[in-house]
Amino acid sequence: MSFFLPKLTSKKDIDEVIKGVAEKVLVLRFGRDDDSVCLQIDEILSKTAHDLSNMASIYIVDVDKAPIYTRYFDISYIPSTVFFFNGQHMKVDYGSPDHTKFVGSFKTKQDFIDLIEVIYRGAMRGKMIVQSPIDPKNIPKYDLLYHGI
């Protein structure tokens, strides 16, 4: 399903999109096209892209083609989804140790839609971190690799 979504293949492309998308939530899905969980999230992203077009722009980033951003955002698990608004990195409190990205796939389309709406409304009010509307049961659990160091 990722062939329905635009792909960013270089640091320059990613920089231009981060700087260029205005008054919308920028969604960057980091992963690989051949990964089964990435395909799951890509299906949700592509099915919601049209409905959310007034609030969000969604792009796919291959972790192997953008190693600078993969390291910068500490993409250890794929898929990882990062959000921006007017060039600012938006953080979301999912009840997990990492607020910088969503790791894993969304369970439902509605979870993703609700999250984009909350990020958009929060960003329009000037907030840089918002509380996740997703039910904690639907948020994948993982341990940070550097935990306890």
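Not measured: the values here are computed from a predicted model.

Calculation criteria
- Residues numbered from 1 in each chain as written.
- Predicted model: local features only at pLDDT ≥ 70, side-chain atom pairs only at ≥ 80, totals over all residues.
- Heavy atoms only, no water.
- Helix = DSSP H or I, 4+ residues; strand = E, 2+ residues; numbered from the N terminus.
- Buried < 20%, exposed > 50% of the residue type's maximum accessible area, 1.4 Å probe, protein only.
- Contact = heavy atoms within 4.5 Å.
- Lys, Arg positive; Asp, Glu negative; His and termini not counted.
- Charge placed at Lys NZ, Arg CZ, Asp CG, Glu CD.
- pLDDT = per-residue confidence, 0-100.
- Axes fitted to C-alpha atoms, helices over the stretch in contact; angles between N-to-C directions.
- Parallel < 35°, antiparallel > 145°, perpendicular 65-115°, else oblique.
- Left-handed = near helix turned anticlockwise from the far one by under 90°.
- Nonpolar A, V, L, I, M, F, W, Y, C, P; charged D, E, K, R; others polar.
- Pairing = 2+ DSSP bridges.
- Core = buried A, V, L, I, M, F, W, Y, C linked by side-chain atoms within 4.5 Å.
- Salt bridge = Lys/Arg side-chain N within 4 Å of Asp/Glu carboxyl O.

**Some details on the overall build of the protein**
And step 1. Regarding its fold elements, the protein presents 4 helices and 7 strands.
And step 2. Scanning the protein from its N terminus toward the C terminus, one meets helices and strands in the order β-α-β-α-β-α-β-β-β-α-β.
And step 3. Expressed as a percentage of the 149 residues in the protein, the buried residues total 48%.
And step 4. Considering only contacts in the protein between residues 6 or more positions apart, those separated by 24 or more positions represent 75%.
And step 5. Mean positive and mean negative side-chain charge positions of the protein (19 and 20 charges, respectively) differ by 3 Å.

**Some remarks on the confidence of the model for the protein**
And step 1. Summarising the model, the protein shows a mean pLDDT of 89, and 92% of its residues fall at 70 or more.
And step 2. Note that pLDDT drops below 50 for residues 145-149; the model gives that stretch 3 contacts with residues more than four away or on any other chain.

**Some words on the packing of helix H2 (residues 36-49) against helix H4 (residues 109-124)**
Pairs of packed helices are described in terms of their axes, by the angle between the two and the distance that separates them.
And step 1. The N-to-C vectors of H2 and H4 enclose an angle of 60 degrees; their axes lie 9 Å apart at closest approach. By the angle between their axes, H2 is oblique relative to H4. With respect to the hand of their crossing, H2 and H4 are arranged in right-handed fashion. Between H2, through Ile44, Leu45, Lys47 and Thr48, and H4, the contact on the second element is made entirely by Lys109, Phe112 and Ile113.
And step 2. Classifying every residue of the contact of H2 with H4 by side-chain character gives 4 nonpolar, 1 polar and 2 charged.

**Some remarks on the pairing of strand E4 (residues 80-85)**
A regular strand carries its side chains on alternate faces of the sheet.
And step 1. In terms of burial, E4 is largely enclosed, as 6 of its 6 residues are buried.
And step 2. Bridge count for strand E2 (residues 25-31) against E4 is 6 bridges, and the pairing is antiparallel. The residue bridging Arg29 from the neighbouring strand is Thr81, located in E4.
And step 3. Note that E4 and strand E5 (residues 88-93) share 3 bridges and pair antiparallel. Across the sheet, residue Phe83 finds its bridge partner in E5, namely Met90.
And step 4. Connecting E4 to the antiparallel partner E5 that follows it, the hairpin turn spans 2 residues, and Asn86 within it adopts a positive phi of roughly 50 degrees.

**Focus: the nonpolar core**
And step 1. Among the nonpolar cores identified, the biggest contains 29 residues, and Val25, Phe83, Phe106, Phe112 and Ile116 are the most heavily contacted of them.
And step 2. Going through the elements one at a time, E2, H2, strand E3 (56-62), E4, E5 and H4 are the ones with two or more residues in this core.
And step 3. A per-element tally of this core places H4 first, with 8 residues.
And step 4. Beyond its immediate chain neighbours, meaning those up to four positions away, Ile116 contacts Val25, Val27, Leu52, Met55, Ala56 and Phe83.

**Things to note about the pattern of salt bridges**
Think of it this way: side chains of opposite charge can pair up when their charged atoms draw near.
And step 1. Applying the stated criterion across every chain, the model contains 8 salt bridges.
And step 2. One salt bridge connects Lys7 with Asp33, and the closest N-O pair in it is separated by 3.1 Å. Remark: Asp33 occurs in the loop between E2 and H2 and Lys7 occurs in strand E1 (residues 7-8); sequence separation between them is 26 residues.
And step 3. Residue Lys47 is joined to Glu43 by a salt bridge in which the shortest nitrogen-to-oxygen separation is 2.9 Å. Of the two residues, Lys47 and Glu43 both sit in helix H2, 4 residues apart, roughly one turn of that helix.
And step 4. Among the charged side chains, a network of salt bridges with common partners joins Lys7, Arg29, Asp33 and Asp42.

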